[in-house]
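The primary structure of each chain is shown beneath.
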Amino acid sequence: MTHDHPAAADRAVSRPFGRLLTAMVTPFTPDGSLDLDGAARLATYLVDEQANDALVISGTTGESPTTTDAEKEQLLRAVVEAVGDRAKVVAGVGTNDTRHTIELAVSAEKAGAHGLLVVTPYYSKPPQSGLLRHFTSVADATGLPVMLYDIPHRSGVPIATETLVRLAEHDRIVGVKDAKGDLTATSWVTSRTDLAVYSGEDSLTLASLAVGGVGLVGTSTHFTGALAKQMIEAYDRGDNATALLLHRRLLPLFTGIFRTQGTILVKAGLAASGRPAGPVRPPLVDATEAELAQLRVDCADAGLELPA
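Residues numbered from 1 in each chain as written. Predicted model: local features only at pLDDT ≥ 70, side-chain atom pairs only at ≥ 80, totals over all residues. Heavy atoms only, no water.

**Some points on the overall build of the chain**
Scanning the chain from terminus to terminus reveals twelve helices and eight strands. Here the chain has a C-alpha radius of gyration of 18 Å; the compact-globule value for 308 residues is 19 Å, and the two agree. With respect to the three principal axes, the spread of C-alpha positions in the chain is 55 × 45 × 35 Å. Taken over 308 residues, the chain has a buried fraction of 52%. A separation threshold of at least 6 residues defines the contact pool for the chain, and within that pool the share at least 24 residues apart is 71%. (Helix = DSSP H or I, 4+ residues; strand = E, 2+ residues; numbered from the N terminus. Rg over C-alpha atoms; globule rule 2.2 N^0.38 Å. Buried < 20%, exposed > 50% of the residue type's maximum accessible area, 1.4 Å probe, protein only. Contact = heavy atoms within 4.5 Å.)

**What about the side chain of Asp178?**
Along the polypeptide, Asp178 turns up in strand β6 (residues 173-178). Of the side chains with opposite charge, Lys180 comes closest to the buried, unpaired Asp178, at an N-O distance of 6.0 Å. A polar side-chain atom of Asp178 sits 3.2 Å from the main-chain amide nitrogen of Lys180. Once residues within four sequence positions are removed from consideration, Asp178 is found in contact with Asp150, Thr186, Val197, Tyr198, Ser199, Gly200 and Glu201. (Lys, Arg positive; Asp, Glu negative; His and termini not counted. Salt bridge = Lys/Arg side-chain N within 4 Å of Asp/Glu carboxyl O. Polar contact = N/O pair within 3.5 Å; in protein donor to acceptor, adjacent residues only side chain to side chain.)

**Considering the UniProt feature "site: Part of a proton relay during catalysis" (unreviewed entry) in the chain**
When the UniProt feature table is mapped to this numbering, "site: Part of a proton relay during catalysis" (unreviewed entry) covers Thr60 and Tyr123. Looking at the element boundaries, Thr60 is found in the loop between β2 (54-57) and α2 (69-83). Given a relative accessible area of 27%, Thr60 falls into the partly exposed group. Apart from the residues lying within four places of it in its own chain, the contact partners of Thr60 are Tyr149, Arg154, Gln261 and Thr263. As for its position among the elements, Tyr123 is in the loop between β4 (115-119) and α4 (128-141). Note on Tyr123: relative accessible area 74%, which makes it exposed. Among residues more than four places away in sequence, those in contact with Tyr123 are Asn96 and Ser155. (UniProt positions renumbered as here; feature names shortened; annotations may be inferred.)

**Here we look at the UniProt feature "binding site: pyruvate" (unreviewed entry) in the chain**
The UniProt record marks Thr61 and Val217 with the feature "binding site: pyruvate" (unreviewed entry), using the residue numbering of this structure. The annotated residues occupy 157 residues of the chain but converge on a single region, no pair of C-alpha atoms lying more than 11.0 Å apart. Here Thr61 lies in the loop between β2 and α2. Overall, Thr61 belongs to the buried group, its relative accessible area being 11%. Sequence-distant contacts of Thr61, that is, excluding residues within four places in its chain, are made with Ala23, Met24, Val25, Thr26, Thr219, His222 and Thr263. Mapped onto the elements of the fold, Val217 is located in strand β8 (residues 215-218). Sequence-distant contacts of Val217, that is, excluding residues within four places in its chain, are made with Leu21, Ala23, Val56, Met147, Lys177, Tyr198, Ser199, Gly200 and Asp202.

Right under this line is the structure:
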């Protein structure tokens, strides 16, 4: 089923998942097993203290390549039970196998997810016709709204603007996590479709809003969430000066969280703060003391304190 896309100037802003989402890390116990109680507590902190409208579970930041299908379902159920009454829970279900992705999507719907995040199939490097078929097949498989995840530096293949325009015709494909880093392409997508474009790069959030984006799916927002939400809200009400001040304040952490792989530093920072995190699973490695020290500097530069 398709629908028409009115001219950009006539469209009301649609935020199917709110303004702010965090791609949540997956807490593990010291021996590396799944920490479901910790996941529930971390989700509660992110929603109640860091102002998240929704959480993404089992994204890349959640170490989804190293969790089993059963663990993904257990994690999702724990988070939905903890915060599902006051925040949306979006399940990362994307793989480079369409059939497996559909299986994960169906499982996530049964487990209570409010939406799906579906990444571009990685490593296989399918043509655009393959992407169109993949995403459409997944969207057809459940009744849940779908956020596409366009991240060519990880997947190897961008979702072309023309492909996004065609995908936007599907009733359940409602948004895109845009980590392409190409604001011209973003501008074309927001002008030609009614997809809700969420910045997938923390530092480009304000720029994305300026060309029609609606919010952020963040990583540093494990720590910066409340202030990032204020930045988005300031822009929304036309207070560009405040939005810019907050962008500049948070820039050291927006970028610093990615000095090494983001999951590594988020877990190190959460552990230093006494929050659930645990170790990372191989092939990732835990942060070094030097990396943790630099994270403390980046936090301080953003006006946030990470306990010593």
